[in-house]
Each structure stands twice: as structure tokens, then as C-alpha cells.
Amino acid sequence: MLRRLAALLLVLALAPAAPAFARAPEPAQATVAHTTPFEFLQDRQILFPITINGRPAEAWLDSGASSTVIDAAFAAGLGLRLGRGLPAQGVAGRVDGVRLARADLSLGGLVLPTRNVAVMDLRVLQAVVPRPVQVILGRDIFDVAVVDIDFQARQIAFLARHDFRPPPVAPLPLVASGNLRNFPIAIAGQPVQALLDLGNSGALLVDRDYAEARGLLAGRPVSTQLAVGVDGPRESLVTSLDGVEVGGVAFRGVPTSATADLVAAAPANVGLALLSRFHVTIDFAGDRLWLQPYPGAAEAAFRKNRAGLSVTVEGDHLRVTHVARGSPAEAAGWRPHTVITAIDGQPITPDYAESPLFRWANGPAGRVVALTVGDGSRRLLRLTDYY
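Residues numbered from 1 in each chain as written. Predicted model: local features only at pLDDT ≥ 70, side-chain atom pairs only at ≥ 80, totals over all residues. Heavy atoms only, no water.

Undergrad: How should I be thinking about the overall build of the protein in this particular structure?
TA: Along its length, the protein carries five helices and 33 strands. A buried classification covers 57% of the 387 residues belonging to the protein. Sequence-distant contacts, at least 24 apart, represent 67% of the contacts inside the protein between residues at least 6 apart. Accessible surface, the protein as shown: approximately 15100 Å² in total, 52% of it carbon and sulfur. (Helix = DSSP H or I, 4+ residues; strand = E, 2+ residues; numbered from the N terminus. Buried < 20%, exposed > 50% of the residue type's maximum accessible area, 1.4 Å probe, protein only. Contact = heavy atoms within 4.5 Å. Areas by Shrake-Rupley, 256 points an atom, 1.4 Å probe, with all protein chains shown as cover.)

Below, the structure written as C-alpha cells:
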């Protein structure tokens, strides 16, 4: 199990009084529709093809990013001219080394010319994803098109607003939160605004002060996890909550991370583990969100780490980066930096994070997993629901 991908939330200031480039044109609304298949990589990221300055690239879709972000190495290969530095914030901390640039973005016939973009080193995310991150497509696309995501069909459509036909269900209001958007949910019966975050691979993220003030962590098992965002790795608390209502559907046993000093104005953040249970239609310009639940949305079990180990891939082995508090791994004496070379006799290969083996820690409670460590010995670990 790799470290969990936390919200990629990146809040940027792209329009100061004295910009390094002339002001970019205001985004025009899309006049053509573009539909493309997407890859839902390990049910954790939405990936699809995009073109940057005429060069093909792979983009992550992230409604929690206030601007499109291009990896520094990829930007250098494009020959992008870098402008001034940008102040930027991740989920719970400052992000340094972010620069302004200008690029043409296109998805099929949908073209976004001369857009202000952020350029930064995205290698930190490679600790939790199996391939280089080239582009994070953020607010730019949501400003110009209605974004329609069918998770079951693995299709995403970018629709022109002038001929968009709303789904046959009542919309939820989207409320501006800086450059991002919040929508109403309920936690433990209490209404709360939550950031709509397609860059968060988890289910629910809450501000730790908010959680403690409302007793969300009291009287239930609480553990720890190591999550990674654009602001780097950080440890947060994790528990499972009942009484979470999203899009009119009540969920039980929702894995919930409680993070200190959450940057977003909203005290909660809804990610892909919940949103992917709906057909999602997003209209930023119209301040509307449609969530159409798939059959069995409320009953399907959530993916949980039942081992208590977070790891990174290092070629032909895994390295333990975190041992969760109160987990079976902690009880069995596991320590950070331990090397794992095989799981149930299957050797670790460079494509581990794109293989079925990646999900070993999400197996059913009670299953015993045999882990081969660096000295060749095997250690047995019984998977358990510990939070």
C-alpha cells in the first residue's frame, strides 16, 4: 500500500498588481464539446490526454487546484519561459519554488490559449503515484466548460454551457471559496460546507480543530496515516465516521482524515472515494453541482488500509515510511525504513503501483499476508480493521 494521496489542493495568486507577463485574456466559455475516456488509476486519480503547446501530455483532473500546474521538468522540455515566483499553499502548508508561466492548453477541439499556469517540481507526488505527473488541470477547465464525469463508463465530457442540458435531478449549490468551490454536506447530522476536491484520493478530509470541537474523534478508534500532497508528506489522524451525507445519500464507515491547519476556508473536503459513487456534473460558472448516485452507492465498502504500513516503491522493493498507531503492523513490531521484497511470494517489480498487488493492504479483515523483508525472512501480518 503506497502512502495515501492527500488532497493536491494548491491555492495560488496568479494576478498581482505587477505581473511578470501581460495579463492573460479572460477565459471564454467553451463553444464545442469534448468527450474522452479517462483512466481511473487504482481508483485514486482521474487521468486523460491533453496537449500543452502542441505537445501531448497526461493530465490529472483536480477541482481543488486554483490553477493548472505543470511539472518543472516537463515545462523545461517545452521551453516555457518562467516568470515571477508565486505564493502558494497546499492542504496544510506553504509550497515553495512555484513560478508563473504562460501556455496553450487544448483537449481535442476545446482550446484554452495563453493561460497563466503555475510551474513547480511535482516529483514529491511520485512517492504515491506510479508514473511521472506532468500536468494537474485545475480551475482553468472548470471556468470555461461544464465538466461531466461518468465514473462507471470511465468517460469525461467538457460541455459548452450554451447547449448544456442539466441532469434530471435537483442541483446542489456551489459556493465560491476563494478560487475554489464548496458544496453542502452533513457530518454526524450537522450541515457543513465542504470543498469539492477531485484531487483528493480519499473519502473525507476535515480540519482537526473542527473535528475535535464537535467530538468527531471521541469514543472511536483513531489511528495515524502519512499522506502526501503538493506541500509534501505529513502525518494526520484517521478514523471512520457514520452519518456522513453527500448528495442526499447517507454513508457509514467513511474513512476520514483529520488534518491540522487545513488551509481551505471550508472545514471539510470531499474526495474521490466518495465522489466516484456518483455521476458528477460540475458547473462552476452557474454555481451548480449535480450528484447522481450509482446503484449501491451507500452499501459498497470503502477502501481501507488494514495493515498499518505506508510504503514507497524503490525499484525492486518497497520501503516502509510510516507505521500507523494502533495497527497490526505496530503490534507486530514493524518499523520505518524496513525493506519489503515480496508479498505472498510475489516479488516487487517497478510496475507494482499499477498492478493488483498494490491493493494487498486493502484486503478483508482476518486475511494473513506474508511479507518477505530485506534479509530474506518472511513476516506474517494479519489484516485488521483498526480505525
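What follows continues from the structure just given.
Undergrad: Would you take a moment to explain the pattern of salt bridges for this structure?
TA: Where charged atoms of side chains with opposite charge meet at close range, the side chains can pair. One pass over the full model with this rule turns up 13 salt bridges. In this structure, the salt-bridge partner of Arg367 is Asp344, at a minimum N-O distance of 2.6 Å. Taken together, the residues span a long stretch of sequence, with Arg367 in the loop between strand S31 (346-347) and strand S32 (368-373) and Asp344 in the loop between strand S30 (339-343) and S31 at a distance of 23 residues. Residue Asp344 is classed as partly exposed on the basis of its relative accessible area of 33%. Each member of the salt-bridge network shares a partner with another, and the members are Asp43, Arg154 and Arg359. (Salt bridge = Lys/Arg side-chain N within 4 Å of Asp/Glu carboxyl O.)

Undergrad: Just to check I follow, could you spell out the packing of aromatic side chains for this structure?
TA: Any aromatic ring pair is given by two values, namely how distant the centres are and how the planes are angled relative to each other. Summed over the entire model, instances satisfying the criterion amount to 10 aromatic pairs. Between the aromatic rings of Phe40 and Phe151, the centroid separation amounts to 5.3 Å while the plane-to-plane angle is 55 degrees, which identifies the pairing as tilted. Placement of Phe40 in strand S4 (residues 39-41) and of Phe151 in the loop between strand S13 (146-150) and strand S14 (155-159) is noted, with a sequence separation of 111 residues between them. As far as the burial class goes, Phe40 and Phe151 line up, both buried. An angle of 65 degrees between the planes, with centres 6.1 Å apart, marks the rings of Phe251 and Phe302 as edge-to-face. Residue Phe251 is found in strand S23 (residues 249-251), and its partner Phe302 is found in the loop between strand S27 (288-293) and strand S28 (309-314); the two are separated by 51 residues along the sequence. Residue classification places Phe251 among the buried positions, given a relative accessible area of 0%. (Phe/Tyr/Trp six-rings, centres within 6.5 Å; stacked < 30°, edge-to-face > 60°.)

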